[in-house]
Amino acid sequence: MGQKIVEYLDERVRIRALMSFLLNEPMPGGSRWAYIPGSMVLFVLILQFITGMMLAFYYGGTPDHAWDSVNYIDHLTYKGVPVGRLIRGIHYWGSSIMVIAVGIHLLQVFLWGAYKRPREIMWLVGTVLLALTMTAAFSGYLLPWDERAYWGTIVGTNMIGLIPLVGEAIKDAIRGGVGLGALTLSHFFTLHTMILPTLFILFVMLHMVIFRRVGPAGPFSGTPEQNEATKDTFYPRQVLMDSFGMMGVFILILILAILRPPGLESVANPSNAAYNPTPAWYFDWIFQLLKMIRPEIVGVVGLPVLIAVVLVLLPFLDKKPVRSPFRRPLSVLSTLFVLVSMVVLSIMAENGYKKLVEVDRASMVRGQVVFNQSGCIGCHTVFGKGGKIGPDLSEEGLVGHSEHWLTVQFVNSKAHFPDSIMPDFTYLTKQQQHDLAMYISSLGRMGWPDPTKAQ
Ligand code: HEC
């Protein structure tokens, strides 16, 4: 029967030639576990496509319906099984795992020197895929339209607004207006479900076509003759190893989706400027770096440009044919440095989030009045306006001071700085001190809008 089908298809669509082309790809140096990350990425991407389409069946992409529809998905059951939450969980964890898998894939290609000639173009296409992955993660963040989604996107898009000259225009174009609303949601939804998937398909195909044309790089240690002598074909061993890898990530994603289903915070409330947004964990390190680089714009514009330039130019600058990581100490050391920094920065970011003071908008607005009336602005700059005698209070450095620390600073600054020239504002009432502390705490968060202006 199977044989008949193959014969039937072979006569009409030449299936045998296609199968042999797909399966008999030569693997110089033989099949290896080390090759599985790429197919794991592809697998997670396909998983995202499938679960994404399922979610789209129930999702309503307007501010009136988005949150309700996601909430509905979360409560959708089939014969008592919470299938909705499960599918959403797979999609949610799939995005995290995809970022990790892409990271491992990139790291491996880098350490193995597999980006070197003649694979420069394949690497370039890979950097495009990396950018697409990040954009998919960012655009998906808004879709549940809960508090985290809304304020996270406010902060994210505000950062785009910092780009000189064109930033504001780009920001407004992305948002489809000054604030976040129906247009923003349909922009993000269209980007996430139509534009990005199309680009993904195109660039993944390009990546694979180039891969099939130049072939796998093979082990970095062997000579071409050795690799030729030990080569085998893609099928069956590599197919088996790849399948194991895919099964492994699928089980991991499934376990995460079951044990830690994604939450849904309360529906986005544009007037709740007291909300402390935090980015997805894989953006933590960038967020922390951005907080530390001053002036802001150097980090917000310079950092992504620097990362992009380094990645894009790498195969063109590093032309030495030597591939073994054991003979490229600089590459290995810089990888270690980047990885360790990312971990440290992420830990710092997470600790920073814990310290963020919950502020309520009413005190914040009253606090700003007290601030202006007490002459603080004469010495301190806030959002670009004010004196230069004291530190800029809209800088990030202040975030993390407790309310107690701040009130002591207002009434007895010498307790913190023995030679302080800041006057003691002992006449402030307890309420005014509280309001002022809330106002100050609301300042200086990365990308955080001036709380008293419209967002
Ligand atoms: C005469 C100038 C002056 C005035 C007015 C002033 N400050 Fe200051 N402030 C300073 C200086 C200088 C410092 C730096 C640390 C120090 O010397 O106390 C400072 C430090 C601070 C800090 C700590 C900043 C940090 O990064 O550690 C806060 C918060 C602060 N001021 C809030 C206020 C508020 C609120 C007012 C108004 C009620 C105010 N200041 C009025 C000069 C001033």
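From a predicted model like this one, the values you see are computed outputs, not experimental measurements.

Next up on the list: the domain arrangement of the chain. Under the domain assignment, the chain is made up of domain 1 (28-355) and domain 2 (361-442). Between the C-alpha centres of domain 1 and domain 2 the distance comes to 40 Å.

This brings us to the pattern of salt bridges. Under the counting rule described, the total for this entry stands at 9 salt bridges. Note that Glu25 and Arg212 form a salt bridge whose closest N and O atoms lie 3.5 Å from each other. Of the two residues, Glu25 is situated in the loop between helix H2 (15-23) and strand S1 (26-27) and Arg212 in helix H9 (residues 182-214); the sequence distance between them amounts to 187 residues. With a relative accessible area of 24%, Arg212 lands in the partly exposed category. Residue Lys116 pairs with Asp318 through a salt bridge whose shortest N-O separation is 3.4 Å. Within this pair, whereas Lys116 is found in the loop between helix H5 (83-111) and helix H6 (120-142), its partner Asp318 is found in the loop between helix H13 (296-317) and helix H14 (329-355), the two being separated by 202 residues in sequence.

Taken together, 25 residues form the shell around the ligand, and within it Cys376, Cys379, His380, Ser420 and Met422 come nearest. Every element with two or more residues in the shell around the ligand is listed here: helix H16 (403-411) and helix H17 (430-442). At 4 residues, the largest contribution of residues to the shell around the ligand is made by H16. When the residues that make up the shell around the ligand are grouped by side-chain class, the tally is 17 nonpolar, 8 polar and no charged.

The coordination sphere of the iron atom of the ligand contains the protein donors His380 (NE2) and Met422 (SD), at a distance range of 1.9 to 2.1 Å. Metal-centred angles of 86 to 178° between the 6 donor atoms at the iron atom of the ligand mark the site as octahedral. Highlighted residues: His380 in the loop between helix H15 (361-373) and strand S3 (381-382) and Met422 in the loop between H16 and H17, separated in sequence by 42 residues. Each member of the pair, His380 together with Met422, is buried.

The rules we used
Residues numbered from 1 in each chain as written. Predicted model: local features only at pLDDT ≥ 70, side-chain atom pairs only at ≥ 80, totals over all residues. Heavy atoms only, no water. Domains from an automatic or database assignment. Salt bridge = Lys/Arg side-chain N within 4 Å of Asp/Glu carboxyl O. Helix = DSSP H or I, 4+ residues; strand = E, 2+ residues; numbered from the N terminus. Buried < 20%, exposed > 50% of the residue type's maximum accessible area, 1.4 Å probe, protein only. Near = heavy atom within 4 Å. Nonpolar A, V, L, I, M, F, W, Y, C, P; charged D, E, K, R; others polar. Donors = N, O, S within 2.8 Å, 3.2 Å for Na, K, Ca; no water. Tetrahedral: all angles 85-135°; square planar, octahedral: opposite > 155°, others 65-115°.

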